[in-house]
Amino acid sequence: MNLTIQDLFLSLPRRFKAEKAGNFSGIFHFDITGAGGGQFTVSIANGSCTVAEGFSGRPDCTIKTAAQTHLDIEQGKANPQWAYLTGKVKVSNIAAMTQYIKLFRRYTPAAADATTQQPPANPQMQTRKPQGGPLQGIRILDLSRLLPGPLATMLLADWGAEVIKIEDPDAPDDTRNYPPFVGSQSAYYLALNRTKRSLLLNLRTQQGKNLFFDLLKTADVVIESFRPGVLQKIGIDYATAAALHPGIIYVSVSGYGQQGELAQAAGHDLNYIGYAGLLDLNGEAGGNPVIPGAQIADVAGGSYMAAIATLLALQNRQRTGRGDWVDVSMMRACLPLLSISFAGFFAGEGAPQRGQEVLSGGLPNYNVYCCADGKWLALGALEPKFWAGFCQMINRPQWVNAIVPGSTEAAAVKAELQQLMKTKTRQEWLELASGYDICLSPVQTLPEVAVEQQHLFKTTEHVVYGKSSAVNQPLQFTNTELPAGWAPPLPGEDTAAILKELGYTLTQIAEMKQQGIV
């Protein structure tokens, strides 16, 4: 049977988390438009939820959206935040709606076909662990979400570690719901979760925590990205874990670190690079700060540093026998990216200026130029020998000494060079430069990279959602073979296998699923 809007609203009382409601109360009017839509009033008061067709009472919040959008959100096929930001959902009181969302479990049909709720049987499920790689035999419990932590754990899995991705049955990793989709799965999720095992586990139940600690005793590392203090509230923090398993390693990834005045502050990549001073330097001279095209703090400060922290802690445990808790602050981890800039500042050169430094656009010989076809070239002729070769190629020998930072001559050469580069297409310039050693390269678009450098990507295939491609791990080993890996898992695809490994019977596993623990 096809799911209807009425089915969803009638199911709200049984999906209501009364224990989460506390003193919260509110009246919510839902105006669901289009085929199969309708109007509904959801009332929450005194720890209970009631639903009525039509509008009644004075609403604390009004929600308007199309029927299909609402169906997709409720079934986890669309992300509610994304739908709101793109205008597909209109909300009159976002604060009330944010609280409302926390009070309901995801919709599951009372009598659904089991094949729609569980992934198909996988004969490799019970034994699928990375075979080979320098980290083979290391078990990592991945509690992280979104980008920084999941990318770090995927790299570690690519290098041979067994990574178990742990998600709440009612609130899995948000990236699972972000468009675009490959088959039934988010492309963003698929890009960050290759070669992992998936375990659904409700850590807010005592039995869920007991199961987590059973698993923890078999693990080497826990990687998490909750706001500081959350794990302590749940009861699975490092101190509690270390008392059970002294050798366990925790790697905590957060915006501003576990301590300090900003520890509890919300933030994203843009905020972290803003605090670090990096954003201020990004852009053209005299212009506004420019948002980078990639998540610098999330990846360089979060993913890479979390992977490094894991490897360092494992090595230190090998040396001392002790586990550790490593605090990875994405903001702090951005500072090494500015080592050269801070070097000049501490040497008395003053504050670096946006777009005017040697390596940020202040010189004609280290810059980007637009060509006749609208495509771009990157000129990195920083050393005099490369610049001299470039000047020879374009027949401008008089420019050889015009690379003094901040000079009038350098600015004039840059302006003239901008016009000169527009006289040929990018390919024509590259063909001309093929006979010179001058550090001239194309500014490739993402599609160009994907087509021309396919060896940098990895394609996996899943029996449910098909093939997906993502960036491969970047290291090339001479004497070590990395594991082949597998496609990113469906939610809970390995739950039964992991619990069986811990000694739980199929009957016990079925009971825990029924209780919402796994």
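Residues numbered from 1 in each chain as written. Predicted model: local features only at pLDDT ≥ 70, side-chain atom pairs only at ≥ 80, totals over all residues. Heavy atoms only, no water.

Visitor: Just checking my understanding: could you explain the domain arrangement of the chain for this structure?
Guide: The accessible area lost on association of the parts is a frequent measure of interface size. Partitioning the chain into structural domains gives domain 1 (5–101), domain 2 (139–333 + 489–515) and domain 3 (363–487). Averaged C-alpha coordinates put domain 1 and domain 2 at centres separated by 30 Å. Taken together, the contacts link 8 residues of domain 1 with 8 residues of domain 2. For the pair domain 1 and domain 2, the summed buried surface comes to about 590 Å²; carbon and sulfur atoms form 50% of the total. When the buried surface of domain 1 facing domain 2 is broken down by residue, Lys 77, Asn 79 and Trp 82 rank first, second and third, together holding 58% of it. Between the two partners, domain 1 and domain 2, sit 0 salt bridges. At the junction of domain 1 and domain 2, the tally comes to 0 residue pairs in polar contact (both at pLDDT 80 or more). Among the residues making up the side of domain 1 that touches domain 2, the classes are represented as 2 nonpolar, 3 polar and 3 charged. (Domains from an automatic or database assignment. Contact = heavy atoms within 4.5 Å. Buried area = accessible area lost by both parts, 1.4 Å probe. Salt bridge = Lys/Arg side-chain N within 4 Å of Asp/Glu carboxyl O. Polar contact = N/O pair within 3.5 Å; in protein donor to acceptor, adjacent residues only side chain to side chain. Nonpolar A, V, L, I, M, F, W, Y, C, P; charged D, E, K, R; others polar.)

Visitor: What's the story with a nonpolar patch on the surface in this structure? I'm lost.
Guide: Taken together, the side chains of Leu 335, Phe 342, Phe 345 and Phe 346 define a hydrophobic patch exposed on the protein surface, amounting to about 400 Å² of accessible area. Its location among the elements puts Leu 335 in the loop between α16 (330–334) and α17 (339–349). Leu 335 gets classed as partly exposed once you look at its relative accessible area, which sits at 34%. (Patch = residues over 30% accessible without salt bridge, like charges linked within 9 Å, V, L, I, M, F, W, Y side chains within 5 Å. Areas by Shrake-Rupley, 256 points an atom, 1.4 Å probe, with all protein chains shown as cover. Helix = DSSP H or I, 4+ residues; strand = E, 2+ residues; numbered from the N terminus. Buried < 20%, exposed > 50% of the residue type's maximum accessible area, 1.4 Å probe, protein only.)

Visitor: Please explain the pattern of salt bridges as it appears in this structure.
Guide: Oppositely charged side chains can pair when the atoms bearing their charge come close. Counted under the stated rule, the structure contains 18 salt bridges. Between Glu 162 and Arg 139 there is a salt bridge, with the nearest N and O atoms lying 3.0 Å from each other. With a gap of 23 residues between them, Glu 162 in strand β7 (residues 162–167) and Arg 139 in strand β6 (residues 139–142) connect regions that are remote in the sequence. Since its relative accessible area comes to 8%, Glu 162 is described here as buried. Among the residues examined, Arg 139 registers a relative accessible area of 8% and is labelled buried. A salt bridge links Glu 501 to Arg 139; its shortest N-O distance comes to 3.3 Å. One end of the pair, Glu 501, is in helix α22 (residues 495–501); the other, Arg 139, is in strand β6, with 362 residues separating them in the sequence. Note on Glu 501: relative accessible area 35%, which makes it partly exposed. Within this structure, Arg 139, Glu 162, Arg 197 and Glu 501 form a network of salt bridges that share partners.

Visitor: Any chance you could explain the environment of Glu 162 here in plain terms?
Guide: Taking the C-alpha atoms as reference points, Glu 162 and Arg 197, separated by 35 residues in sequence, lie 7.8 Å from one another. In contact with Glu 162, other than residues within four places in its own chain, are Lys 129, Pro 130, Ile 138, Arg 139, Ile 140 and Arg 197. In terms of polar contacts, Glu 162 uses its side chain to reach the side chain of Arg 139, at 3.0 Å.

Visitor: Hey, could you run me through the side chain of Ser 329 in this one?
Guide: Looking at where Ser 329 falls in the secondary structure, it is placed in strand β13 (residues 324–329). With a relative accessible area of 3%, Ser 329 lands in the buried category. Polar side-chain contacts of Ser 329 include one of 3.4 Å to the backbone oxygen of Gly 255. Residue contacts for Ser 329: discarding those within four places in its chain leaves Ser 254, Gly 255, Tyr 256, Gly 257 and Gly 301.

Visitor: Just checking my understanding: could you explain the sheet that holds strand β1 (residues 26–33) for this structure?
Guide: Each strand in a sheet pairs with its neighbour through backbone hydrogen bonds, running either in the same direction (parallel) or in the opposite one (antiparallel). Taken together, the 5 strands give an open sheet; going across it, the order is β3-β2-β1-β4-β5, and neighbouring strands pair in mixed fashion. What marks the edges here is a single partner per strand, and that holds for β3 (48–53) and β5 (89–91). Averaged over all pairs of adjacent strands, the angle between their axes in this sheet comes to 15 degrees, without regard to strand direction. With 3 bridges joining them, strand β4 (residues 61–66) and β5 adopt antiparallel strand pairing. For Thr 65, the partnering residue across the bridge sits in β5 and is Val 89. (Pairing = 2+ DSSP bridges. Axes fitted to C-alpha atoms, helices over the stretch in contact; angles between N-to-C directions.)

Visitor: What exactly am I supposed to notice about the sheet that holds strand β16 (residues 440–442) here?
Guide: Reading across from one edge, β14-β15-β16 is the order of the 3 strands in this open sheet, with antiparallel pairing throughout. Only two strands of the sheet have a single neighbouring strand rather than two, namely β14 (366–370) and β16. Adjacent strand axes in the sheet meet at a mean angle of 25 degrees when their direction is disregarded. When strand β15 (residues 376–380) meets β16, the two strands line up antiparallel, connected through 3 bridges. Each bridged residue has a counterpart across the sheet, and for Ala 378 the counterpart in β16 is Ser 441. Relative to β14, helix α19 (residues 408–420) is tilted by about 35 degrees, and along the sheet it contacts β14 and β15.

Visitor: Please clarify how the side chain of Lys 458 should be interpreted in this entry.
Guide: Position of Lys 458 relative to the elements: it lies in strand β17 (residues 457–462). Although Lys 458 lies buried, it forms no salt bridge, and the closest oppositely charged side chain, Asp 158, sits 4.7 Å away as judged by the N-O distance. At 2.6 Å, the side chain of Lys 458 and the backbone oxygen of Ala 484 are in polar contact. (Lys, Arg positive; Asp, Glu negative; His and termini not counted.)

Visitor: I keep staring at the packing of aromatic side chains and nothing clicks. Help me out?
Guide: Aromatic ring pairs are reported here in terms of the distance separating the ring centres and the angle at which the planes meet. For the structure on display, the rule yields 16 aromatic pairs. Residues Phe 9 and Phe 30 carry aromatic rings whose centres are separated by 5.1 Å and whose planes lie at 70 degrees to one another, so their mutual orientation is edge-to-face. Separated by 21 residues along the polypeptide, Phe 9 in helix α1 (residues 5–10) and Phe 30 in strand β1 bring together distant segments of the chain. Here the two residues Phe 9 and Phe 30 agree in accessibility, since each one is buried. Between Phe 342 and Phe 346, the ring centres sit 5.9 Å apart and the planes meet at 20 degrees, which makes this aromatic pair stacked. Taken as a pair, Phe 342 and Phe 346 lie in helix α17 at a separation of 4 residues, close to a single helical turn. Taken together, Phe 9, Phe 16, Phe 24, Phe 28, Phe 30, Phe 40, Tyr 100 and Phe 104 form an aromatic cluster joined through their ring pairs. Between the NZ or CZ atom of Arg 396 and the centre of the ring of Trp 399, over which it lies, the distance is 5.6 Å. Over the ring of Trp 429 we find Lys 424; its NZ or CZ atom is 5.8 Å from the centre of that ring. (Phe/Tyr/Trp six-rings, centres within 6.5 Å; stacked < 30°, edge-to-face > 60°. Lys NZ or Arg CZ within 6 Å of the ring centre and 35° of its normal.)

Visitor: How should I be thinking about the pairing of β7 in this particular structure?
Guide: Each regular strand displays side chains that alternate between the two surfaces of the sheet. Judged by how many residues are buried, β7 sits mostly within the fold: 6 of 6 residues are covered. Neither face of β7 is left uncovered, since the one carrying Glu 162, Ile 164 and Ile 166 and the one carrying Val 163, Lys 165 and Glu 167 both have all their residues buried. The pairing of β6 with β7 spans 4 bridges and is parallel. Paired with Leu 141 across the bridge in β7 is Ile 164. After leaving β6, the chain enters helix α8 (residues 148–158) and then returns to the sheet as β7, a path that is right-handed. Across 5 bridges, the pairing between β7 and strand β10 (residues 196–200) is parallel. What sits directly across from Ile 164, in β10, is Arg 197. (Right-handed = clockwise from strand over helix to strand, strands pointing away.)

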